[in-house]
Amino acid sequence: GLAEVRTGLDDFEQTGAGIRLPYYLSLLAEGENHAGQPKKALVTVDQALQRANASGEKWHNADLFRLKAQLLLHMKPSKSNDAEIAFQQALKIARKQGCKARELQTAIELGQLWQSQGRQREAHDLVAPIYGCFPNSSNSVYLKNAKSLLEELR
């Protein structure tokens, strides 16, 4: 199916249309990763970021950098610095866009990385204020994950 998706995206580009292409490429990258092709997925994410920068369609860049960080951690756990840089970029973009949900999602993942490195205080200080921006009545998966992480970091 991945080859068909790639062909479909290539055909889509041939029409001269390019709107949402970075988003579609991110979906392809997720599929490649799930199919056990993380190196291909990383190339696809980089391609999506290049297309976003060329077209100015950057609304999905926070997710692209977050996905890049996940892939880097999966492929090269010993090179967590590269993943941390990508997570930081995702956070910066989410904050600039005012997207608290993306900011929380990224903060959770970066916080988990820091937790695994023994950086509990930094992880807590990152996640807690973002988590606090959401109403207690919300019951989303991200809020549950944030609450769970914060409890582990105590």
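Refer to the structure presented above.
So, a few notes on the structure that sits alongside this text. None of these values were measured; they are calculated from a predicted model. (Residues numbered from 1 in each chain as written. Predicted model: local features only at pLDDT ≥ 70, side-chain atom pairs only at ≥ 80, totals over all residues. Heavy atoms only, no water.)

1. Re the packing of helix α2 (residues 21-34) against helix α4 (residues 61-75)
For the pair α2 and α4, the least separation of the axes is 11 Å and the interaxial angle reads 20°. Between α2 and α4, the angle falls in the class roughly parallel. Judged by the twist between their axes, the crossing of α2 over α4 is left-handed. Between α2 and α4, the contacting residues are P22, S26, A29, E30 and N33 on the first element and L64, L67, L71 and H74 on the second. Here the residues of the contact of α2 with α4 are counted per class, giving 5 nonpolar, 3 polar and 1 charged. (Axes fitted to C-alpha atoms, helices over the stretch in contact; angles between N-to-C directions. Helix = DSSP H or I, 4+ residues; strand = E, 2+ residues; numbered from the N terminus. Parallel < 35°, antiparallel > 145°, perpendicular 65-115°, else oblique. Left-handed = near helix turned anticlockwise from the far one by under 90°. Contact = heavy atoms within 4.5 Å. Nonpolar A, V, L, I, M, F, W, Y, C, P; charged D, E, K, R; others polar.)

2. Let's talk about the nonpolar core
Inside soluble globular proteins, nonpolar side chains tend to come together where they are buried. Ranked by internal contacts, the top residues of the largest apolar core, which has 39 residues, are L104, L110 and V127. Listed by contribution, the elements that provide at least two residues to this core are α2, α3 (38-55), α4, α5 (80-97), α6 (100-116), α7 (120-131) and α8 (141-153). In this structure, V127 is in contact with L104, A107, I108, A146, L149 and L150, ignoring residues within four places of it in sequence. (Core = buried A, V, L, I, M, F, W, Y, C linked by side-chain atoms within 4.5 Å. Buried < 20%, exposed > 50% of the residue type's maximum accessible area, 1.4 Å probe, protein only.)

3. A word on the packing of aromatic side chains
Applying the stated rule across the entire model yields 3 aromatic pairs. Seen from their ring centres, Y23 and Y24 are 5.8 Å apart, and the 55° between their planes marks the pair as tilted. Since its relative accessible area comes to 23%, Y23 is described here as partly exposed. Centre to centre, the rings of Y23 and W59 are 5.8 Å apart; their planes meet at 35°, and the pair counts as tilted. With Y23 in helix α2 and W59 in the loop between α3 and α4, this residue pair connects regions lying 36 residues apart in the sequence. Following the ring pairs from residue to residue traces out a cluster consisting of F12, Y23, Y24 and W59. (Phe/Tyr/Trp six-rings, centres within 6.5 Å; stacked < 30°, edge-to-face > 60°.)

4. With respect to helix α1 (residues 2-14)
In this model, α1 (13 residues) spans 18 Å end to end at C-alpha, consistent with the 18 Å of a helix rising 1.5 Å per residue. Of the residues one or two after α1, G16 is the one with positive phi, at around 95°. (Expected span 1.5 Å × (residues − 1).)

5. Overview of the layout of surface pockets
In this model, the largest pocket occupies a volume close to 190 Å³. In terms of lining, the largest pocket is formed by 13 residues, of which the most central are S26, E30, D63, R66 and L67. Elements with a minimum of two residues in the lining of the largest pocket: α2 and α4. Per-element accounting of the lining of the largest pocket gives the leading share, 6 residues, to α2. For the second largest pocket, the calculated volume is near 150 Å³. (1 Å grid on protein atoms, 1.4 Å probe; cavity = no way out; pocket = protein on both sides within 12 Å on 5 of 7 lines; lining within 4 Å. Points joined across faces, edges and corners; volume = space filled by probe spheres on them.)

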